[in-house]
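# Summary of the model geometry
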There are 2 protein chains.
Amino acid sequence: MDRTFEEYKKIVDDHLFDFIPNVDTKSLTLYEAMKYSLAAGGKRLRPILTLAACDFMNGDIYEALPYACAIEYIHTYSLIHDDLPCMDDDDLRRGVPTNHKVYGEAIALLAGDGLLTSAFEAIHKDQMLYFDDPKRLIARVKAGYTISNGAGVKGMVAGQICDIEGETKKYSNTMLEYLHLNKTGALIKSSIRAGLYIGNADSDTISRFDKYSEALGLAFQIQDDILDVTGSVEELGKDVNADERSNKNSFVSVNGLDKAKKRLNELTEDAISALSVYYDNAEFFTKLALDLKNRNK
Amino acid sequence: MDRTFEEYKKIVDDHLFDFIPNVDTKSLTLYEAMKYSLAAGGKRLRPILTLAACDFMNGDIYEALPYACAIEYIHTYSLIHDDLPCMDDDDLRRGVPTNHKVYGEAIALLAGDGLLTSAFEAIHKDQMLYFDDPKRLIARVKAGYTISNGAGVKGMVAGQICDIEGETKKYSNTMLEYLHLNKTGALIKSSIRAGLYIGNADSDTISRFDKYSEALGLAFQIQDDILDVTGSVEELGKDVNADERSNKNSFVSVNGLDKAKKRLNELTEDAISALSVYYDNAEFFTKLALDLKNRNK
């Protein structure tokens with residue numbers, strides 16, 4: 001456990017296209033559109049969490065890489081679909097035009113579908129390498145399940161629906177936390193769990209990290225909401241004040257800036273204390289919680 | 001192997017919602033939109049093929065049911081996305097208004113995403129039941145892989161991209177067969193393979209059925225193209241002459257009706273002869289090829 005965020009990020013960026021199935025030249029546009037959004041950058045937070053969690057368990061992080069990249073495919077598909085005109089109708093993402101602005105809506109839709117499906121193809125393809133090693137196969141099926149669960153109708157997609165439906169109603173804090181725990185938190189939790197499974201974590205470790213993930217996921221989203229008000233287009237690489245324009249329920253719109261910052265601090269403390277039993281061994285994760293709180297993009 | 005198409009269909013219809021994760025009441029709209037399109041009917045061809053293939057191997061078809069239903073979730077997601085205004089912009093599907101006509105584009109998009117993800121969640125959830133039985137776990141991982149592959153960027157999504165791109169160019173027959181083998185054939189092949197894997201088929205059996213699937217998938221699509229010209233809205237439950245209106249490359253538009261019918265006959269023969277080694281044991285599949293050729297909806 002001696003790698004930095006940037007070191008993990010380099011590994012993710014170097015291998016990000018490795019687990020997309022070889023596309024036939026007859027459907028090259030699809031491949032280009034998928035690569036466009038994947039290559040557009042981003043923090044790579046989720047795949048980095050997968051690698052770091054595996055590393056924490058002294059697992060081989062290259063064995064976690066297919067799952068880490070699959071999660072980034074899923075995250076990227078969700079951004080492409082989220083940016084479509086019928087959803088948030090955003091023109092700018094990660095500092096470049098959104099997928100549909102470049103390729104048109106139909107291809108952007110399919111690039112998203114392709115990335116989501118490729119994630120599960122990559123996962124199953126990796127699982128097939130472990131047919132002679134049932135214990136490791138089982139760990140990888142668990143990793144696949146947690147990813148499908150975090151991305152699915154009890155996770156990210158549920159959060160997206162609440163987000164869309166919230167444009168016409170004012171949410172309570174309970175509903176707002178439900179929204180964000182699902183929209184952002186669920187896949188973050190799955191990202192860490194996937195790495196822990198590949199690293200053969202026991203159930204105590206998983207439940208401690210689950211507490212960390214839930215607090216971190218919510219804190220991450222609150223900071224997103226705060227930056228939407230206090231950040232700049234140049235720093236964020238996307239439009240600001242988007243929540244207000246689209247009548248989105250955000251921590252800031254519901255609670256005001258001060259209360260949002262207070263909740264962010266509380267959750268960051270919660271995340272850190274969930275792993276206090278590991279002292280310095282969990283330093284990557286505690287430092288990350290602080291860095292995400294203090295980020296300006 | 002003594003069940004009819006209708007008997008398999010009843011099993012699929014009776015259990016179609018069983019493998020969708022329990023959705024929280026807070027995101028009930030999502031669940032309703034997913035169920036709306038699933039419940040709208042359809043032939044259930046793909047899941048029936050999965051059950052019949054498992055039955056052919058004397059496997060327990062109820063063990064194949066999660067995979068059969070997952071495939072119908074994937075098929076249904078592809079129809080919802082395909083009907084969206086940015087794709088084929090269809091108002092009618094299976095005799096009822098399309099998903100976005102009822103729920104709006106944003107929720108239709110997410111219902112599709114939810115169905116696709118639910119498919120892989122259902123698959124992984126089923127795999128987790130077999131941790132104490134590596135041989136059966138392996139068969140189920142293979143089934144998951146073939147489904148992800150048939151639905152993915154080397155399968156159905158590749159076909160969709162070709163279909164969309166074909167609106168602005170005239171395809172050769174080679175390109176047209178590539179389009180349809182992917183758009184329709186790939187998931188049909190995976191449907192049969194999934195059932196065969198659950199039934200522990202050997203590689204010879206799988207390769208014979210692959211030949212059957214490829215011919216059947218292509219024949220099925222050619223008959224679709226023919227019905228788009230010769231059928232009625234009442235019989236088909238969807239708009240007719242849609243290919244011509246949207247400048248789609250179809251077997252009929254490229255080759256004319258007579259040649260399309262000739263190719264349909266050839267492919268039906270090919271499908272039947274691929275399984276001739278099984279004599280009457282493959283009667284369900286040979287009868288199906290003939291029935292699909294003679295269908296009027």
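Before reading further, recall that the structure is shown in the block above.
What comes next concerns the included structure.

Scoring rules and cut-offs
Residues numbered from 1 in each chain as written. Chains lettered and ligands numbered in written order. Predicted model: local features only at pLDDT ≥ 70, side-chain atom pairs only at ≥ 80, totals over all residues. Heavy atoms only, no water. Contact = heavy atoms within 4.5 Å. Buried area = accessible area lost by both parts, 1.4 Å probe. Salt bridge = Lys/Arg side-chain N within 4 Å of Asp/Glu carboxyl O. Core = buried A, V, L, I, M, F, W, Y, C linked by side-chain atoms within 4.5 Å. Buried < 20%, exposed > 50% of the residue type's maximum accessible area, 1.4 Å probe, protein only. Helix = DSSP H or I, 4+ residues; strand = E, 2+ residues; numbered from the N terminus. Least-squares fit on C-alpha atoms with pLDDT ≥ 70 in both.

## What to know about the interface of chain B and chain A
Taken together, the contacts link 54 residues of chain B with 54 residues of chain A. Carbon and sulfur atoms make up 77% of the surface buried where chain B meets chain A, a total of about 5000 Å² over both sides. Area buried by chain B at its contact with chain A is led by K26, H124 and V153 of chain B, which between them contribute 14% of it. Where chain B meets chain A, there are 0 salt bridges.

## Here's the deal with the nonpolar core
Counting residues in each nonpolar core, the largest one holds 170 residues, and the members touching the most others are I74, Y212 and F285 of chain A together with I74, Y212 and F285 of chain B. Core analysis: the next-biggest nonpolar cluster, separate from the first, contains 8 residues, Y130 and V141 of chain A together with I138 and V141 of chain B among them.

## A word on the pattern of salt bridges
Residue and element names in this part refer to chain A. Applying the stated criterion across every chain yields a total of 40 salt bridges over all chains. Close ionic contact of E63 with R140 constitutes a salt bridge, the shortest N to O distance being 2.5 Å. On the criterion of sequence distance, the pair formed by E63 in helix α4 (residues 61-83) and R140 in helix α7 (residues 134-151) is long-range, its members being 77 residues apart. Residue E63 is classed as buried on the basis of its relative accessible area of 18%. For R140, a relative accessible area of 1% gives the class buried. Via salt bridges that share partners, K9, D13, R44, E72 and R94 belong to a single interconnected network.

## As for the relation of the copies chain B and chain A
The two copies are related by a screw operation: chain B maps onto chain A through 180° of rotation and 0.0 Å of translation along the axis, at an RMSD of 0.0 Å. Such values leave the two copies arranged in the relation of a two-fold axis. Measuring from the rotation axis to each C-alpha of chain B, the shortest distance belongs to P134 of chain B, at 3.1 Å.

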